[in-house]
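Geometric and topological summary
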Amino acid sequence: MWRRGAVLAVLAVLVALVMLFHAQIPNTLGNLGSLTETFLPWLGVFVPVLLVLALVRKSATALVAVLVPAIVWLNLFGGLLTDKAGGAGGAAGGELTVATHNVNAENPDPTGTADGIAASGAQVVALEELNAGAVPVYERALAKSYPYHAVAGTVGLWSKYPLSGTRPVDIKLGWTRAMRTTVTTPQGGVAVFVAHLPSVRVKLHAGFTASQRDTSADALGEAIAHESLGKVILLGDLNGTMNDRALNGVTAQMRSTQGAAGSGFGFSWPASFPMARIDQIMVKGVEPVTSWTLPETASDHLPIAATVDLTRS
């Protein structure tokens, strides 16, 4: 039993090493490091597979070795398995509920999508990947619930509270896919950023092509760092996960509501079989209370929402 399963044991250790030292995987070759970090939680799938193979092989060595990636995975992601939320919809308190949704430029049912996002009860809603023809449809559908709104390029914000200081944010693309505004809540002003970072692609000969996304992420992080208001919320499709080092310019200064107050991974894309959380709600200077994923719409992304406490930081 101890002599069998050497190959399985080596595979188990290799999986553990990839998870443990993912930050050391270089991005110089096809952004392999960022690609690994995007789907890092899924490496845990190897644990039960290796466990079954070890049992079939009747290998004590392999069984012991499988414990290594299992422990590493639990250390990295075990905290996400517990329910840190107070209940969807802000049952545990909090003054402001926000939602964000990449609605898909080719959405066949923008009215139904708008109705679905409004049903979340959020006071502030961000939409990304708006095409010019669909903007009036969203404006009409959301007008009753949200008297204030602003659109900049392909992103927009709808709010139950007044907006001011609205301006585009330059994320080095040559066209507008990010904006900043002040939402005047009963607890005071909150700076809200809406962003849709460039898409990434996995190509056979080029690897994980994300250089434009990475440049935009750095520019967005710089804009947030220079924000004068102390309470900041970022809503949007960042085309990257919290594990992706390329988003460090943003993630190093903000907290994920899902990581702080959600239940599970909160995967948002693709909607048909979510595998990664590339849509994000991040905060600075406010306390996340709960975070959750909303029901599917006609988009290829799932909408997400969070409730925050504006009186605590």
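In case you missed it, the structure is sitting above this.
Because the structure is predicted, anything quoted here is derived from the model rather than measured. (Residues numbered from 1 in each chain as written. Predicted model: local features only at pLDDT ≥ 70, side-chain atom pairs only at ≥ 80, totals over all residues. Heavy atoms only, no water.)

1. As for the nonpolar core
Val 98, Leu 157, Val 192, Ile 233 and Leu 235 are the most contacted members of the largest nonpolar core, which totals 22 residues. Core analysis: the next-biggest nonpolar cluster, separate from the first, contains 19 residues, Val 169, Ile 224, Val 250 and Met 282 among them. (Core = buried A, V, L, I, M, F, W, Y, C linked by side-chain atoms within 4.5 Å. Buried < 20%, exposed > 50% of the residue type's maximum accessible area, 1.4 Å probe, protein only.)

2. Comments concerning a nonpolar patch on the surface
On the surface, Val 7, Val 10, Leu 11, Val 13, Leu 14, Leu 17, Leu 20 and Phe 21 cluster together to form a nonpolar patch covering roughly 700 Å² of accessible area. Here Leu 17 lies in helix α1 (residues 6-20). By relative accessible area, Leu 17 is classed as partly exposed at 39%. (Patch = residues over 30% accessible without salt bridge, like charges linked within 9 Å, V, L, I, M, F, W, Y side chains within 5 Å. Areas by Shrake-Rupley, 256 points an atom, 1.4 Å probe, with all protein chains shown as cover. Salt bridge = Lys/Arg side-chain N within 4 Å of Asp/Glu carboxyl O. Helix = DSSP H or I, 4+ residues; strand = E, 2+ residues; numbered from the N terminus.)

3. Digging into the pairing of strand β7 (residues 188-196)
Summarising burial for β7: seven of the nine residues are buried, a large majority. Once strand β6 (residues 178-185) ends, the chain turns through two residues before running back antiparallel as β7. One ladder, built from six bridges, connects β7 with strand β10 (residues 232-237); its direction is parallel. Across the sheet, the residue bridging to His 196 is Asp 237, located in β10. (Pairing = 2+ DSSP bridges.)

4. Description of the sheet that holds strand β14 (residues 304-309)
As summarised here, the arrangement of the six strands in space is β3-β4-β2-β1-β14-β13, forming an open sheet in which the pairing is mixed. One side of each edge strand has no neighbouring strand; the edge strands of this open sheet are β3 (148-152) and β13 (287-293). Taking each pair of neighbouring strands and ignoring which way they run, the sheet shows an average axis angle of 15 degrees. (Axes fitted to C-alpha atoms, helices over the stretch in contact; angles between N-to-C directions.)

5. As for the packing of aromatic side chains
Scanning the model with the defined rule gives six aromatic pairs in all. With 5.8 Å between their ring centres and 20 degrees between their planes, Trp 42 and Phe 267 make a pair best called stacked. Residue Trp 42 is found in the loop between α2 (32-38) and α3 (46-57), and its partner Phe 267 is found in the loop between α9 (257-261) and β12 (279-284); the two are separated by 225 residues along the sequence. Overall, Trp 42 belongs to the partly exposed group, its relative accessible area being 29%. (Phe/Tyr/Trp six-rings, centres within 6.5 Å; stacked < 30°, edge-to-face > 60°.)

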